[in-house]
Amino acid sequence: MTITPPALSVFETLESEVRSYCRGWPAVFDRAQGSHLHDEDGHTYLDFFAGAGSLNYGHNNPVLKRALIDYIERDGITHGLDMATTAKRAFLESFQNVILRPRDLPYKVMFPGPTGTNAVEAALKLARKVKGRESVVSFTNAFHGMSLGSLAVTGNAFKRAGAGIPLVHGTPMPFDNYFDGQVPDFLWFERLLEDQGSGLNKPAAVIVETVQGEGGINVARAEWLRALQELCHRQDMLLIVDDIQMGCGRTGGFFSFEEAGIVPDIVTVSKSISGYGLPLALTLFKPELDIWEPGEHNGTFRGNNPAFVTAAAALNTYWADGQMEKQTIARGEQVERALLAIVDEMGGEGVSFRGRGLVWGMEFEDKSRASAVCARAFELGMLLETSGPESEVVKLLPPLTISADELDEGLRILARSVRETA
């Protein structure tokens, strides 16, 4: 189809220059349902972006929408800070019964504020409070949020520079396979910890993503994650897993760390936990770490009750019987086969791919190619974004509820976009 960029006058004249997604997708979107968005001119777009991972169950999921409308129509509480409400109780009971107990996870649940970076800030603050130390170790190409504490443990130089001040008390270490398998895991990290002359302050915690989404779809091996947990235990450091984008089923299991068989001390969850794209975030931690004083960490919008309603509906609908995990793994195998075919068509030169579940990335040696592929995909009616430190990776993040036929359609558009940008 041919898409004529709309007149974006009010966006260009009034909205800040900081806007980004709208520059790559020059359309004015009006409606969305399931795996598709529709713009005001009647064009339809297949969504392989899913609200940056906040729409795992698709747009306006009918089951979640019905629960939300019913709650609003009966004048259910909308804003409640951390007051006890029936909506919060229903969510906590569902989360405990459907997610935590079946996985034998002991976590307490904290509502730190409604966004992912709020959850990370709370995790960092708690780890420092528990251990009485300031330093936190993160990893190369990590992304943990845009507020100052989260930025201090984020790797991207462009995003870090936006802080405008020195970002302190964070130390980067090599992520899995950073040295292409040439250096034993954690050799540098452990040497620094044990050497009294290294200059590394004893860390309170280590924060890690099991799959680095913004960093380029870098997938940590299960054995690497297990070794990291063992290192943290030996060295008296807390292990924080940032599951904001990769949790809520994105990699298969509800938590992305399940495959590795680890139990982090602290876990951050946001994006798709509300199920509907409504703001909600959780910081989970082992009970012995719950040393907060009442009100020591708070936030006006930590009691987003409509999000509790849709979150409980999502858990009870999609996670009570184990089918979502099986479907995501099957869909992931479908993606993997298609990406392999694209790479084979290109002769295996200049492109590679990696991923888990329903998060995949195609990396191009010609770093400008990824943006060109995403631009062509948009012209063909599909939303794709790039990731990686130089936007060199095409990122595939479709809704978990996408049908096999819709997934095939998107993969055909991707293949055509790669072919036509060669």
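Scope of this entry: the structure provided in the associated data block. (Residues numbered from 1 in each chain as written. Predicted model: local features only at pLDDT ≥ 70, side-chain atom pairs only at ≥ 80, totals over all residues. Heavy atoms only, no water.)

### Description of a nonpolar patch on the surface
Taken together, the side chains of Tyr178, Phe179, Val183 and Leu187 define a hydrophobic patch exposed on the protein surface, amounting to about 350 Å² of accessible area. Inspection of the secondary structure assignment puts valine 183 in the loop between β6 (170-173) and α9 (187-194). (Patch = residues over 30% accessible without salt bridge, like charges linked within 9 Å, V, L, I, M, F, W, Y side chains within 5 Å. Areas by Shrake-Rupley, 256 points an atom, 1.4 Å probe, with all protein chains shown as cover. Salt bridge = Lys/Arg side-chain N within 4 Å of Asp/Glu carboxyl O. Helix = DSSP H or I, 4+ residues; strand = E, 2+ residues; numbered from the N terminus.)

### A closer look at the sheet that holds strand β15 (residues 382-383)
Pairing is mixed in the open sheet, where four strands are placed in the order β1-β2-β3-β15. The sheet terminates laterally at β1 (29-33) and β15, the two strands that pair on one side only. One ladder, built from four bridges, connects β1 with strand β2 (residues 36-39); its direction is antiparallel. When the bridges of β2 are listed, glutamine 33 appears paired with histidine 36. (Pairing = 2+ DSSP bridges.)

### A closer look at the pattern of salt bridges
Taken as a whole, this structure holds 23 salt bridges when the rule is applied. In this structure, the salt-bridge partner of lysine 108 is aspartate 290, at a minimum N-O distance of 2.6 Å. Of the two residues, lysine 108 is situated in strand β4 (residues 108-110) and aspartate 290 in the loop between β12 (282-285) and α11 (305-318); the sequence distance between them amounts to 182 residues. Of the charged contacts, one joins arginine 234 and glutamate 190 as a salt bridge, the two residues approaching to 2.6 Å between their closest N and O atoms. Placement of the pair is arginine 234 in helix α10 (residues 222-234) and glutamate 190 in helix α9, with a sequence separation of 44 residues. What emerges from the salt-bridge pattern is a single network uniting Asp176, Asp185, Arg221 and Glu223.

### Examining the sheet that holds strand β17 (residues 393-396)
With antiparallel pairing, four strands are arranged side by side in an open sheet as β13-β14-β17-β16. The open sheet terminates on both sides in strands that have one partner only, identified here as β13 (351-356) and β16 (385-387). Ignoring strand direction, the axes of neighbouring strands in this sheet form an average angle of 30°. (Axes fitted to C-alpha atoms, helices over the stretch in contact; angles between N-to-C directions.)

### Let's talk about the packing of helix α13 (residues 369-379) against helix α14 (residues 404-420)
Between α13 and α14, whose axes approach to 8 Å, the crossing angle comes to 125°. One element, α13, and the other, α14, form an angle in the oblique class. Here the hand of the crossing between α13 and α14 comes out right-handed. Here α13 contributes Arg369, Val373, Arg376 and Ala377 to the contact with α14, which in turn contributes Ile413, Leu414, Arg416, Ser417, Val418 and Glu420. Here the contact of α13 with α14 is built from residues that sort into five nonpolar, one polar and four charged. (Parallel < 35°, antiparallel > 145°, perpendicular 65-115°, else oblique. Left-handed = near helix turned anticlockwise from the far one by under 90°. Contact = heavy atoms within 4.5 Å. Nonpolar A, V, L, I, M, F, W, Y, C, P; charged D, E, K, R; others polar.)

### What to know about the nonpolar core
Looking at soluble globular proteins, one finds that nonpolar side chains tend to be buried together. Phe95 and Leu414 are the most contacted members of the largest nonpolar core, which has 87 residues in total. Top element by residues in this core is α11. It accounts for nine residues. The contacts of leucine 414, once residues within four sequence positions are left out, are Leu339, Ile342, Met362, Val373, Met382, Leu384, Val394 and Leu396. Core analysis: the next-biggest nonpolar cluster, separate from the first, contains 18 residues, Met110, Leu124, Ile207 and Leu289 among them. (Core = buried A, V, L, I, M, F, W, Y, C linked by side-chain atoms within 4.5 Å. Buried < 20%, exposed > 50% of the residue type's maximum accessible area, 1.4 Å probe, protein only.)

### A word on the state of the cysteines
Applying the stated rule across the entire model yields zero disulfides. As a non-bridged cysteine, cysteine 22 has cysteine 374 as the owner of its nearest cysteine sulfur, 16 Å distant. Taking relative accessible area as the criterion, cysteine 22 reaches 32% and is therefore assigned partly exposed. (Disulfide = S-S within 2.5 Å.)

### Quick notes on the side chain of aspartate 39
Examined against the element boundaries, aspartate 39 turns out to sit in strand β2. Buried within the structure, aspartate 39 lacks any salt-bridge partner; its nearest side chain of opposite charge belongs to arginine 31, at an N-O separation of 8.4 Å. In this structure the side chain of aspartate 39 is engaged in a polar contact, spanning 3.0 Å, whose partner is the backbone nitrogen of glycine 42. A polar side-chain atom of aspartate 39 sits 2.8 Å from a polar atom in the side chain of tyrosine 45. (Lys, Arg positive; Asp, Glu negative; His and termini not counted. Polar contact = N/O pair within 3.5 Å; in protein donor to acceptor, adjacent residues only side chain to side chain.)

### A closer look at the packing of aromatic side chains
For the structure shown, the criterion picks out 20 aromatic pairs. The interplanar angle of 80° and the centroid separation of 5.3 Å between the aromatic rings of tyrosine 178 and phenylalanine 179 together place this pair among those described as edge-to-face. An aromatic cluster is defined as three or more aromatic residues linked by ring pairs; in this entry it consists of Phe91, Phe95, Phe111, Phe254, Phe255, Phe257, Phe308 and Trp319. (Phe/Tyr/Trp six-rings, centres within 6.5 Å; stacked < 30°, edge-to-face > 60°.)

### What to know about unusual backbone geometry
Backbone geometry at alanine 50 places phi at a positive 55°, although glycine is not the residue there. Here alanine 50 lies in helix α3 (residues 50-53). At leucine 81, a residue that is not glycine, the phi angle is positive and equals roughly 45°. Relative to the assigned elements, leucine 81 resides in the loop between α4 (62-73) and α5 (86-100).

### Some details on α14
For α14, with 17 residues, the first-to-last C-alpha span of 24 Å sits near the 24 Å given by 1.5 Å per residue. Those residues of α14 lying buried are Leu407, Gly410, Leu411, Ile413, Leu414, Ala415, Ser417 and Val418. Against β3 (44-47), α12 (323-345), β14 (359-364), α13, β15 and β17 lie the buried residues of α14. (Expected span 1.5 Å × (residues − 1).)

### Considering the environment of leucine 407
If you trace the backbone, leucine 407 turns up in helix α14. Since its relative accessible area comes to 0%, leucine 407 is described here as buried. Once residues within four sequence positions are removed from consideration, leucine 407 is found in contact with Phe48, Arg331, Gln334, Val335, Leu358, Pro398 and Ile402.

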